[in-house]
Amino acid sequence: MLVVDVLAGGVRGGTAIMFAALGETLAERAGVVNLGTEGCMLVGALGGYAVAAETGSPWLGLLAGALAGALLGLVHAAAVLWRGADQFATGLTLMFLGLGLTSLFGAAYVGSPAPGFDPVPVPVLGDLPIVGEILFRHDPVTYLSFAVAPLLWFLLGRTRTGLLVRTAGERADVLHAHGHSPALVRAAAVVAGAGLAGLGGAQLSTAYAHAWFEGMTAGRGFIAVALVIFAAWRPLWVMAGSYLFGAALAVAPALQARGQALNQFALDALPFVITLVILAILGRRTLRAAPEELRRVFAR
Amino acid sequence: MTATLTRPAVADRTASPVRTALRTAARWIGALAGAVALFAVLLLAKGVDPVAALTGMVAQAFTGPSLEQIVIKATPLVLGAMAVVLPARAGLTNVGGEGQILIGAVAGAGVGLSVPGPAALPLMLLAGAGGGALWAGVAAAMRLVVGVNEAVTTLLLNYVALDVMLYLIYEPWKDPHGSGQPATRPLEIVQRMPLVSGTAVHMGIVVALLVAVAVWLVLRGTSFGFHLSVVGGNPEAARRAGLPVARLILAAMLLGGAFAGLAGAVHLAGVEFKLRPGLTTNIGYIAFLAAWLARHRPLPAVGAALLLAAVTVAGDSLQLDSGLPAATVNVLMGLVLLAVLGWSRHARR
């Protein structure tokens, strides 16, 4: 069934975007925009694939991908928070660095096989009609990802750590007055968020595409950044939005599999156009939900 | 970030101008040396002799044909940098140069395909500028009407622009006689940019330099330029002072888009002659870096564009002599910019 195929594809293809967008949510709730998410995903994708190929363990690859993303995030945090560099320009530079670094070190892995994650249907649940097909016939990383958005929601809304992060994003001076360092809290959020983006990249290469190639994230990192805005910085909405994007990406192959000839590039543009349209519709309303410190970054 | 018009540098006020200049120079050299050193370490990690690779790059950049190549490559970079510089004066971050360049090239090609003869060239350039302005206008409208930051929308629009071009060259505009990868029919000889006499450099560089000087003059000596910097410095104060903030933001964005679109049309009519996948090779992003490298000042941005063009051309030697992928040079550019953003304090704008 077309709808089921598209929705199942949405979960499969949206997972990488979700990891990245949740990471961006964390960073932005602390008051820092990381436009370099695209670069973090790229180094995560290569790091994950390369380590999986070298060690034979895709799980180690996943870990390496997260670390690679976090390292690049550390560069962003250092430049922005310590050196006072512009967030947008630094973020874009990260994308450039990510492109270059992965091209330099990734050439050897293009077209070379690596162990990855294959779909493992969940017993019983996977046999359910429709729901089983959409949610429970995926790879282990996707199952793992189901927990990340609720966890982030819990972390941000219900824990002391989350309170620190949110205060860094809303009222940095209050945090300062209570003897905490806003810069340190923000740095931690940026690095952890970039780690999630790296994880998303690793999921993309080891579980979704089962390959590494140059520029394979193809703008997913930027979609993630936009997604966070129209999900109004809420983890659970980010999760839903990511699957929407995954679904937009899945429409083309699903139609092609049914022999519908549609122009590939019109469909490739779809996720970006949908993002823009939703931003246009929800813009003002969601921006009011923006963390206070972040609003300063956006409305300079 | 913080939107102050000028950043009073207390230390600099007391120091003598010479010492300030020396300190600035030292900071720049330190930042650049750090970036190159880090790049060398990365090359070493890749098993490439960094000394040979770097000297190869320098040698590559200073051969005669390379110098012409550098000017040719710098042409769209200069225009693309102006597309960042002018909006930046109004506090806008135009990261959409890449998409605006693509749309400019598409609009130029559209005119070139439908208007025969030499009359096409000026029309192509106009159409390119118009197309780029239109594309930037979408982001400007979203900023003004719904308040979505232009850095996000221009980035997204880059991908849409790429798909627009690919759609056209894979279907309606595809050259039926072409072989290999799909492309449009090449422009007629008379539709192409004439060459600067005695060289292989096309006239686009003249256009680019004229635009850069015009931007410099406008920002420096006109009330429009002054108003832009007031808006960029403190939009609230500008509003209170009765400036038409929305109109100024729109104008800055449209002009920026027009410059980038012009870059696309010039690149098409001067170098590429037909639309093909991989037409822009990140020109828009590199131009963005060039503008930041120059701290958003128009004339230094010309220098930065030339520098980055030289790095790009020099990077060919990495590919030819050291067998490294072409995108390797992006690492060097990224490191240089990071160094400048992070280590030259005034880079904060």
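The name an unreviewed UniProt entry gives chain B is ABC transporter permease, with Microbispora triticiradicis as the organism. Under Subcellular location (unreviewed entry), UniProt gives the following word-for-word description of chain B: "Cell membrane".

As recorded in an unreviewed UniProt entry, chain A goes by the name ABC transporter permease, listed as coming from Microbispora triticiradicis. Looking at the Subcellular location (unreviewed entry) heading of the UniProt record, one finds this comment for chain A: "Cell membrane".

What follows deals with the overall build of chain A. Counting its secondary structure elements, chain A contains 13 helices and 0 strands. Going from N to C terminus, chain A has its helices and strands arranged as α-α-α-α-α-α-α-α-α-α-α-α-α. For a compact globule of 300 residues, the expected C-alpha radius of gyration is about 19 Å, and chain A comes in at 19 Å, within 12% of that figure. Seen along its three principal axes, the alpha-carbon backbone of chain A occupies a region of about 60 × 40 × 40 Å. Within chain A, buried positions represent 60% of all 300 residues.

Here the focus is a nonpolar patch on the surface. Taken together, Met1, Leu2, Val3, Leu7, Leu125, Leu128, Ile130 and Val131 of chain A make up a surface patch of nonpolar side chains, about 680 Å² in accessible area. On the secondary structure map, Leu7 of chain A appears in helix H1 (residues 2–29).

Opposite charge on two side chains permits pairing when their charged atoms draw close. Residue and element names in this part refer to chain B. Going through the model one piece at a time under the given rule, you end up with 5 salt bridges over all chains. The salt bridge involving Glu150 is made with Arg143; its shortest N-O contact spans 2.7 Å. Put simply, Arg240 and Glu236 hold a salt bridge, and the shortest N to O gap is 3.9 Å. Placement of the pair is Arg240 and Glu236 together in helix H10 (residues 235–240), with a separation of 4 residues, close to one helical turn. A relative accessible area of 37% means that Glu236 is categorised as partly exposed.

Before going further, it helps to spend a moment on the environment of Ala151 of chain B. Within the secondary structure, Ala151 of chain B sits in helix H7 (residues 150–170). Residues in contact with Ala151 of chain B, not counting those within four places in the same chain, are Leu35 and Phe88 of chain A together with Thr93 and Val95 of chain B.

Taken together, the contact pairs 52 residues of chain B with 47 residues of chain A. Interface area for chain B against chain A, summed over the two sides, is near 4,600 Å², with a carbon-plus-sulfur share of 74%. Between the two partners, chain B and chain A, sit 0 salt bridges. For the side of chain B that touches chain A, the secondary structure elements donating two or more residues are helix H2 (17–45), helix H6 (120–146), H7, helix H12 (283–293) and helix H14 (328–343) of chain B. When residues in the side of chain B that touches chain A are grouped by element, the largest group, 12 residues, is from H7 of chain B.

Another point: H6 of chain B. Given a rise of 1.5 Å per residue, 27 residues ought to cover 39 Å, and the 38 Å separating the end C-alpha atoms of H6 of chain B matches this to within 8%. Just beyond H6 of chain B, the residue with positive phi is Gly147 of chain B, at close to 75 degrees.

Turning our eyes to something else, we now look at the packing of aromatic side chains. Considering all chains together, one arrives at 5 aromatic pairs over all chains under this definition. Ring centres 4.7 Å apart and planes at 5 degrees place the aromatic pair Phe272 of chain A and Tyr159 of chain B in the stacked group. Residue Phe272 of chain A is found in helix H12 (residues 264–287), and its partner Tyr159 of chain B is found in helix H7; the two belong to separate chains. Three or more aromatic residues joined by ring pairs make a cluster, and in this case those are Phe222 and Phe272 of chain A together with Tyr159 of chain B. Of note, Arg234 of chain A hangs over the ring of Trp237 of chain A, and the distance from its end group to the ring centre comes to 4.5 Å. In this arrangement the basic side chain of Arg192 of chain B is found over the ring face of Phe273 of chain B, its NZ or CZ atom lying 3.9 Å from the centre.

All names here are of chain A. If you check UniProt for "transmembrane region" (unreviewed entry), the listed places come out as residues 59–82, 94–114, 134–156, 183–202, 208–229, 236–255 and 261–282 in our numbering. Secondary structure within residues 208–229 divides into 50% helix and 0% strand; the distance between the first and last C-alpha atoms comes to 25 Å. This span, residues 236–255, is 100% helix and 0% strand, and a straight line between its end C-alpha atoms measures 29 Å.

Let's shift gears to the confidence of the model for chain B. Summing up the model confidence of chain B, the mean pLDDT is 87 and the portion of residues at 70 or higher is 94%. The low-confidence segment residues 1–13 of chain B, where pLDDT is below 50, has 20 contacts with residues more than four positions distant or belonging to other chains.

Quick look at unusual backbone geometry now. Most peptide bonds take the trans form, and the phi angle of most residues other than glycine is negative. All names here are of chain B. With a phi close to 65 degrees, Asn282 is a non-glycine residue in the positive phi region. Positionally, Asn282 belongs in the loop between helix H11 (245–272) and H12. Even without being a glycine, His296 presents a positive backbone phi close to 65 degrees.

The rules behind each value
Residue positions within a chain follow its written sequence, with the count starting from 1. All chains are assigned letters beginning at A, and all ligands numbers beginning at 1, according to the order in which they are written. Reporting in this predicted model follows two pLDDT cut-offs: at least 70 for local features of residues, and 80 or more for side-chain atom pairs to be given and counted; totals over whole chains, interfaces and linings ignore these cut-offs and use all residues. Hydrogens are left out, water is left out, and the side-chain values use all remaining heavy atoms of the structure. UniProt positions are given in the numbering used here, feature names are shortened, and annotations may be inferred rather than shown by experiment. For the purposes of this entry, the term helix denotes a DSSP run of H or I that reaches at least four residues, the term strand denotes a run of E that reaches at least two, and both are numbered from the N terminus. All radius of gyration figures rest on C-alpha atoms, and the globule criterion is 2.2 Å times the number of residues raised to 0.38. Accessible area is worked out with a 1.4 Å probe on protein chains only. A residue is then buried under 20% of its type maximum, exposed over 50%, and partly exposed in between. Within the patch definition used here, like charges are joined within 9 Å and nonpolar side chains (Val, Leu, Ile, Met, Phe, Trp, Tyr) within 5 Å, considering only residues with over 30% relative accessible area and no salt bridge. Accessible surface is estimated by sampling points in the Shrake-Rupley manner with a 1.4 Å probe; for residues, cover comes only from the protein chains shown. Salt-bridge detection follows one rule: a side-chain nitrogen of Lys or Arg within 4 Å of a carboxyl oxygen of Asp or Glu. Here, residues are in contact when the closest pair of their heavy atoms is within 4.5 Å. A quick way to say it: buried area is the sum, across both parts, of accessible area lost when two parts are put together, with a 1.4 Å probe. In a helix, the anticipated span is given by 1.5 Å times the number of residues less one. Classification of ring pairs rests on two measures: the distance between centres of Phe, Tyr or Trp rings, Trp counted by its six-membered ring, which must be within 6.5 Å, and the angle between planes, read as stacked under 30 degrees, edge-to-face over 60 and tilted in between. We call a charge positioned over a ring when the NZ of a Lys or the CZ of an Arg lies within 6 Å of the ring centre and within 35 degrees of the ring normal. pLDDT is a residue-level measure of predictor confidence that goes from 0 to 100.

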